[in-house]
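Chains, contacts and geometry: an overview
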Amino acid sequence: MKKLILAAAASLLMTASAYAEVIKVGVVGPFSGPFAIQGKNFKAGIDAYLAEHGNKVGENTIEILYRDVPQPDPAQSKALAQELVVKEGVQYLAGFYFTPDAMAVTPLLKQGNVPMVIMNAATSAIVTKSPLVVRTSFTTWQTSAPMAKTARERGVEKAITVVSDYGPGVDSETAFKTTFEKEGGTVVESIRMPLSTNDFSPIMQRVRDSGAQAVFAFLPSGPTTLGFVKAYNENGLKQAGIQFLAPGDLTQESDLPAIGDAGVGILTTFHYSIAHDSPENKAFVAAAQKAIGNPAELSFPSVGAYDGMFVITKMIEATGGKQDAEKAVEAVKGLAWESPRGPVSIDPETRHITQNIYLREVAKGDDGGYYNKEIKTFEKQPDPGLAAAK
Amino acid sequence: MSITNTSATIIQPLPAASSNWLRDLVGIAIILAAAIVGYFLFPNNLALLTRMIAIMLFVLSLDLVTGYCGVATLGHAALFGAGAYAAGIAAAHFGVTEPITMIAIGAVGGAVAGLVSGVVILRGHGLAQLVLSIAIIHLFHEAANKASNYTGGSDGLAGITPDPILGLFEFDLWGRTAYVFGIVLLIVIFVLLRILVRSPFGLLCRGIRQDPVRVSAMGASVKRTLIKMYVISGVVAGIGGAFNAVSTQVVGLDSLSFTNSAEALVMLVLGGVGTLFGALIGTIVFIGVEDFVSAANPFHWLTIVGALLIAVVLFAPKGLYGTAAALVERYRKGGK
């Protein structure tokens, strides 16, 4: 009898020690305000991953905690991340749409023993701020540089750049200019517009007068982009044969219906199109569209979030649910997998994602909707931004 | 704003000095007690409480010009952001990482910004003043955006690593050091401001709010007084900004934004314009509620905050502190 009780007690103890832990993942992003749609895409990507793979990793259960930073606000982002780590006890931090928000949190990681998986923020330098940062999105350099190569291949000798005057815009301008000039082209003029510019006609006139064969543009997605594309058409630049080039932020899927016919023919380079043709992507899009509710709102941040969740589950597997940030990051260095966007891997040096960049053209689909049609692939592109900064 | 006030408020007779000091001591005791309760009740929320302290300093400084002088401004974040950037740039680019020195540099930065914006804003009256203040904040914002070599532009200014305070207390993950540092700063500044607003200079400012023509007829220079107050306000806001830079180790363009200015005004109105306690209470309630509802529902929390503000403006037009004080007053009178 005594033995029986002992055995029962022992087995109870063992199940208790092996009993599943709840592993919390804190996601910081814009879930309200003007950028809410990007936060919704984070959530859709995460939900799609959990719907496909379940919320269990081995014995452990994943729990997601969302925190809202509506606009770039590093102080708020840091306060929330700190709260997530010390109060909620999250083992992983993820999300981060804006670069300053991600930068602000990097000093916390070592002390908190927490890895950070960036699902969007696109300035190259973030990964250098802490060895515990892994990024599953893209950088502005990564998506802008192939455009310069495309332009040269298509015989463009002289180009003009027009960007919004803020961090990512300037990054994009430098990436295009550097690569374009290396390939033997000339950038005749570089225009930087204030972020709040609404009237683009004078700028279009300057583009015309500059004698460039193509205009490379970068603006934050949303209403300003719509105005810019409209001005491009209305001022007859399209008829004049001046090619419109941009990274894919400008033709984000959720903006395409509003851009409409004016957008057809715009060339962009980017890491992900909803229309990417692969079984992985079809499954992902179906799950993510279900998660987001309105299918038209789905766009690129969702795929960064989806792959971010994949990386986090690999980290949990490697550490067996124990909190060990260094081991977790070490485990995903060099990790390669098939993402909805195509084959990708984590560069062991930079901890940034190496991926295909696609040249796409805005096209009208059979159903009357618009989409980014992939017409060329630049395979296995690392981030050129870090090398350029050195 | 100042015009409607003129007829409604009557200058109150000064209470006896001794009871004033007693009230101040009670006030400080309450702040200290609240700080200790906060420390032990929310040991895991110190980052939030620390941010509250920085914003409190900012709202106090806004109260000095709006509440005590009747200057309408939506550009006050210029002073706060100037302090934050001054301290941040000193630390990130010039290696000045001693926290107390950083705070002093922030105070100087804030004072300079206060002087500049004071001189510009005080040229206008009423609506023109408001418009000028908005122009000022946009100019400051754009200047910081352009000078990205120093300020990091829209990427934010990172790489601020303050030394341990007095070489003893290191800034930790839980934010304990930053919190205690902030409380000490807040109490020191609060005491100084209490003395200031009750000084002849403070009374002159209140007089200007109520009737600038009469004050100048008495022979005092309205404009010089207001600019002085603006510089003092700049020192306080600059200290708040610098403290924010020290505690969060990052400065973003948002610290120089119109939104930041407007939010501070909302907190001030919420708590009660023209009282130092109102500024503190408004900040605590606004940021506290914001944090609570945004964690409970990160997707629709702004709606709830909006509803709360409308309720306060409708049912407690003097702000939370003002209304509570009025109630107490009425109760006392009724008791006599």
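Refer to the structure presented above.
Note that the structure is predicted; figures quoted are calculated from it, not measured.

Focus: the overall build of chain A
- A count of helical and extended segments in chain A gives 14 helices and 15 strands.
- Its C-alpha atoms give chain A a radius of gyration of 23 Å, within 12% of the compact-globule value 21 Å for 390 residues.
- Based on the C-alpha atoms only, the size of chain A along its principal axes is roughly 95 × 45 × 35 Å.
- Counting only residues that meet the buried cut, chain A has 60% of its 390 residues in that class.
- Entry remark: accessible area of chain A is about 15,100 Å², with carbon and sulfur atoms responsible for 54%.
- Here chain A holds 37 positive side-chain charges and 42 negative ones, and the gap between their average locations is 4 Å.

Considering the pattern of salt bridges
Residue and element names in this part refer to chain A.
- Counted according to the given criterion, the structure contains 17 salt bridges over all chains.
- The partner of E297 in a salt bridge is K40, and the shortest N-O contact between them spans 2.7 Å. Residue E297 is found in the loop between α11 (279–292) and α12 (301–319), and its partner K40 is found in helix α2 (residues 36–53); the two are separated by 257 residues along the sequence.
- Among the residues examined, E297 registers a relative accessible area of 19% and is labelled buried.
- Assessed through its relative accessible area of 34%, K40 is described here as partly exposed.

Looking at the side chain of A:N372
Residues and elements named next belong to chain A.
- Looking at where N372 falls in the secondary structure, it is placed in strand β15 (residues 370–381).
- Judged by relative accessible area, N372 falls into the buried class, the value being 1%.
- Among the polar contacts listed, one links the side chain of N372 to the side chain of E253, at a separation of 3.3 Å.
- In this view, N372 contacts T251, E253, L256, T268, S273, A275, R360, E361 and V362; residues no more than four positions away in its chain are not counted.

Brief notes about the environment of A:T313
All names here are of chain A.
- Along the chain, the position of T313 falls in helix α12.
- Put simply, T313 and N55 are 258 residues apart on the chain and 9.4 Å apart in space, counted from C-alpha to C-alpha.
- Setting aside residues up to four positions removed in sequence, T313 forms contacts with Y49, V57 and I62.
- At 3.2 Å, the side chain of T313 and the side chain of Y49 are in polar contact.

Criteria and cut-off values
Residues numbered from 1 in each chain as written. Chains lettered and ligands numbered in written order. Predicted model: local features only at pLDDT ≥ 70, side-chain atom pairs only at ≥ 80, totals over all residues. Heavy atoms only, no water. Helix = DSSP H or I, 4+ residues; strand = E, 2+ residues; numbered from the N terminus. Rg over C-alpha atoms; globule rule 2.2 N^0.38 Å. Buried < 20%, exposed > 50% of the residue type's maximum accessible area, 1.4 Å probe, protein only. Areas by Shrake-Rupley, 256 points an atom, 1.4 Å probe, with all protein chains shown as cover. Lys, Arg positive; Asp, Glu negative; His and termini not counted. Charge placed at Lys NZ, Arg CZ, Asp CG, Glu CD. Salt bridge = Lys/Arg side-chain N within 4 Å of Asp/Glu carboxyl O. Polar contact = N/O pair within 3.5 Å; in protein donor to acceptor, adjacent residues only side chain to side chain. Contact = heavy atoms within 4.5 Å.

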